[in-house]
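Report on the structure
Below are the chains, spelled out letter by letter.
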Amino acid sequence: MLVSLHNVHVRSRTKRPILAGITLELEPGAFVFLTGPSGAGKSSLLRVMGLALRPTTGSITLLGHDVATMNRRSLSALRRRLGFVLQDSRLIPHLTAIENASLPLWLAGGEPEAVRRHVTELLTWVGLGDRLKARPAELSGGEQQRVALARAIVNKPALLLADEPTGNVDDQTALKLLYLFTELNKMGTTVVIATHQHHLVARMGKTTLAIQGGVLQPPPEGS
Amino acid sequence: MRPLTLLFEGSFRERRVGANLVLLMTLLIYLATVMASLAVGFGGIAWVGERTIQSRATLVIPPASLGSDGSTSDTLPRVFALLKADPSLAPPRVVTTDESRRLLQAWGVDSATLADAPLPILMDLEAVPGARLDLPRLKQTLVAAKITARLDSLADTLATFLPLLRGLSIAALGVVGLVLIVLALGIAFACRSVLTTQRDTLEMLHLMGADDKTLTRLFRAEIRKRAFVAAGVGFVLAAATLAMGAMGARTFLDISFLHPTQDEILVAAGLMALVPVLAVFVACAAARRMAMGQLRAWP
Ligand SMILES: Nc1ncnc2c1ncn2[C@@H]1O[C@H](COP(=O)(O)OP(=O)(O)O)[C@@H](O)[C@H]1O
Ligand SMILES: [Mg+2]
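Residues numbered from 1 in each chain as written. Chains lettered and ligands numbered in written order. Predicted model: local features only at pLDDT ≥ 70, side-chain atom pairs only at ≥ 80, totals over all residues. Heavy atoms only, no water.

1. Re the overall build of chain A
Across its full length, chain A carries seven helices and ten strands. Computed over the C-alpha atoms, the radius of gyration of chain A is 17 Å, within 12% of the 17 Å expected from 2.2 N^0.38 for a compact globule of 223 residues. Taking the principal axes of its C-alpha atoms as reference, chain A extends roughly 45 × 40 × 35 Å. Residues counted as buried form 52% of the 223 residues belonging to chain A. Look at the contacts in chain A between residues 6 or more apart in sequence, and 71% of them connect residues 24 or more apart. (Helix = DSSP H or I, 4+ residues; strand = E, 2+ residues; numbered from the N terminus. Rg over C-alpha atoms; globule rule 2.2 N^0.38 Å. Buried < 20%, exposed > 50% of the residue type's maximum accessible area, 1.4 Å probe, protein only. Contact = heavy atoms within 4.5 Å.)

See the structure below:
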């Protein structure tokens, strides 16, 4: 299993349950939509899987590592094998598209020329070959998300987590973006996308996990 | 393509945080350096004074004991013979009449009085290096030889000043400490504000697997860059201020018979130059601490 969560609970500081007993397994190469209304716990579950939120109780095994036994340093190292896309692209405003997308490789100490070549190729693949030097403010919402996607996959992650990646763009742009995710999945990346946009999920025909009140819902009859 | 070191560059440009930080650090480093120089100056004078008291004295032979005609007396040769016999003394130096006049003038005796009065003969006595003057014994020797002369030790005049100088030195040192604390607090607050406004970016970097050490190093580099600028400017300004005060200090040292050695002056200058370096260190440490603290908030 690539991801394995067992009876994961997350409680807020005021002891309110945010995730209540999530048990979940993802095989390598899976493509899963995580759906549910606002406040259902989608982001929290994604953050638990992305090592950005420590569960109050429960166990997580990620890429073969029992997360509970890992120190800060090795957690950072493990995070470098994951990709994260958020609703707001969180690009650094004073860096260009190519610089933003290069960040994870720079942080990992990549050789500058190799990084430049690789990132140029990647940005071309997401359709931004002619916007390499543009700053985030000069890019549309959809373009910004494509830079964010390029940044998330620049490390060739085994697991790509996206939290409402299409939340800020129109449906046309959203579908194009989702298409990129399916392409990546075909190349072997495991993808989990959290979204409340059911109409988009319906058009993709992929596995869907529904969450409500911090609890995973059983799949509907006949699916 | 620009290196990773520019990651936080923009955060410090926003709302001119970086420029204001340089200004703040320059002012504080200037203040700390000037105060440290005062501490070193006062402390140094006390130090040299202490040393001088123990090794120097002036033998005053009043005009009366030289004989009224001024030629027949054998007092002077006898005094020389006595002093030479003392192994703890360097060869004594007779202060010329001109020199005596100048010194007395510097101490405020008016020139009319000086012109009329017969001047005593002054002799500078100095212990050989490493030795102390034993004034009571010297006095006894003079009395035994029936020579009427007075031994003026600097101790009498200087000794009263030394505790005051030491007190001022410690007070100035205290101010240096306070200024450095203010510097650390100022940097810490500024860093916290930058880190708070950059929370989303930092979280993203954290998610990318940037470890605390790397991010802290990059963040601290921004502070260090600015601290170096501030240290340079602050030091130059302080040195310029002190150069003006140095003239006065020199005159004071001259008329007080205080002569710091070359080594002592070098040590004092070194201590003064150490302050900006220390300030850079403090600023970086404060930035590092604050960044580490904020990053630790993430799992
Ligand atoms: N840091 C937090 N502290 C307290 N409550 C939180 C925190 N993050 C999320 N929550 C709460 O947890 C619940 C689930 O939130 P979230 O995972 O963001 O849901 P979703 O992404 O499905 O909208 C919500 O009720 C939200 O208010
Ligand atoms: Mg959410």
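2. A short note on the pattern of salt bridges
For the coordinates displayed, the defined rule picks out 16 salt bridges over all chains. Between D200(B) and R90(A) there is a salt bridge; the shortest N-O distance is 3.9 Å. On the criterion of chain membership, the pair formed by D200(B) in helix α8 (residues 199-207) and R90(A) in the loop between β6 (82-85) and α3 (97-107) is interchain, its members lying in two chains. Of the residues examined, D200(B) reaches a relative accessible area of 39% and is grouped as partly exposed. Notably, a salt bridge pairs R93(B) with D124(B), separated by 3.0 Å at the nearest N-O pair. Here R93(B), found in strand β2 (residues 93-95), pairs with D124(B), found in strand β3 (residues 121-126); they are 31 residues apart in sequence, far enough to count as distant. Residues joined in a network through salt bridges with shared partners are R47(A), D88(A), R90(A), D200(B) and E203(B). (Salt bridge = Lys/Arg side-chain N within 4 Å of Asp/Glu carboxyl O.)

3. Digging into the pairing of strand β1 (residues 3-11) of chain A
Successive side chains on a regular strand alternate, one facing one side of the sheet and the next facing the other. Residue and element names in this part refer to chain A. By the bridge criterion, seven bridges tie β1 to strand β2 (residues 17-26) in an arrangement that is antiparallel. Across the sheet, the residue bridging to V8 is I22, located in β2. Looking at chain direction, β1 and strand β4 (residues 57-62) are connected through five bridges and run antiparallel. Across the sheet, H6 pairs through a bridge with S59, a residue of β4. (Pairing = 2+ DSSP bridges.)

4. Some points on the side chain of D212(B)
Considering the arrangement of structural elements, one finds D212(B) in helix α9 (residues 212-255). Within the structure, D212(B) has its side chain in polar contact with the side chain of R72(A) (distance 2.6 Å). (Polar contact = N/O pair within 3.5 Å; in protein donor to acceptor, adjacent residues only side chain to side chain.)

5. Examining the interface of chain A and chain B
Each partner contributes residues to the interface: chain A has 28 residues there, and chain B has 27 residues. Both sides of the chain A and chain B interface together cover about 2,600 Å² of buried area, and 60% of this is carbon and sulfur. Inspection of the region where chain A meets chain B yields four salt bridges. The interface formed by chain A and chain B holds eight residue pairs in polar contact (both at pLDDT 80 or more) in total. (Buried area = accessible area lost by both parts, 1.4 Å probe.)

6. Some details on a nonpolar patch on the surface
Residue and element names in this part refer to chain B. A contiguous nonpolar patch, built from L178, I181, L185 and F189 and spanning about 420 Å² of accessible area, is present on the exposed surface. Structurally, F189 can be placed in helix α7 (residues 154-197). In this structure F189 comes out as exposed when scored by relative accessible area, which is 52%. (Patch = residues over 30% accessible without salt bridge, like charges linked within 9 Å, V, L, I, M, F, W, Y side chains within 5 Å. Areas by Shrake-Rupley, 256 points an atom, 1.4 Å probe, with all protein chains shown as cover.)

7. Some words on the domain arrangement of chain B
According to the domain assignment, chain B consists of domain 1 (2-50 + 160-297) and domain 2 (54-157). Measuring from the centre of the C-alpha atoms in domain 1 of chain B to the corresponding centre in domain 2 of chain B gives 49 Å. (Domains from an automatic or database assignment.)

8. As for the sheet that holds strand β3 (residues 31-35) of chain A
Paired through their backbone hydrogen bonds, the strands of a sheet run either parallel or antiparallel. All names here are of chain A. Read from one edge to the other, the open sheet built from six strands follows the order β6-β7-β8-β3-β9-β10, with strand pairing classed as mixed. The sheet terminates laterally at β6 and β10 (215-216), the two strands that pair on one side only. As paired elements, strand β9 (residues 207-212) and β10 share two bridges and run antiparallel to each other. Considered in β10, the bridge of I211 is made with L216. Where helix α1 (residues 42-49) meets the sheet, it contacts β3, β6, β7 (159-163), β8 (190-195), β9 and β10, and its direction lies at approximately 155° from that of β7. (Axes fitted to C-alpha atoms, helices over the stretch in contact; angles between N-to-C directions.)

9. Side note on the nonpolar core
In this structure, L5(A), L45(A), M49(A), L123(A), F181(A), I187(B) and L205(B) are the most contacted members of the largest nonpolar core, which totals 123 residues. At eleven residues, helix α10 (residues 262-295) of chain B tops the list of elements feeding residues into this core. Counting 16 residues, the second-largest nonpolar core is a separate cluster that includes A57(B), V79(B), L83(B) and L151(B). (Core = buried A, V, L, I, M, F, W, Y, C linked by side-chain atoms within 4.5 Å.)

10. Remarks on the site of ligand 1
Residue and element names in this part refer to chain A. The full set of residues close to ligand 1 is S12, R16, I18, P37, S38, G39, A40, G41, K42, S43 and S44. Take G41: an N or O atom from its main chain is 3.0 Å from an oxygen atom of ligand 1. Between ligand 1 and S43 there is a distance of 2.6 Å, counted from an oxygen atom to a side-chain nitrogen or oxygen. Contact with the protein chains covers 57% of the free accessible surface of ligand 1, which is 560 Å². Considering each element in turn, the shell around ligand 1 owes the most residues, three residues, to α1. (Near = heavy atom within 4 Å.)

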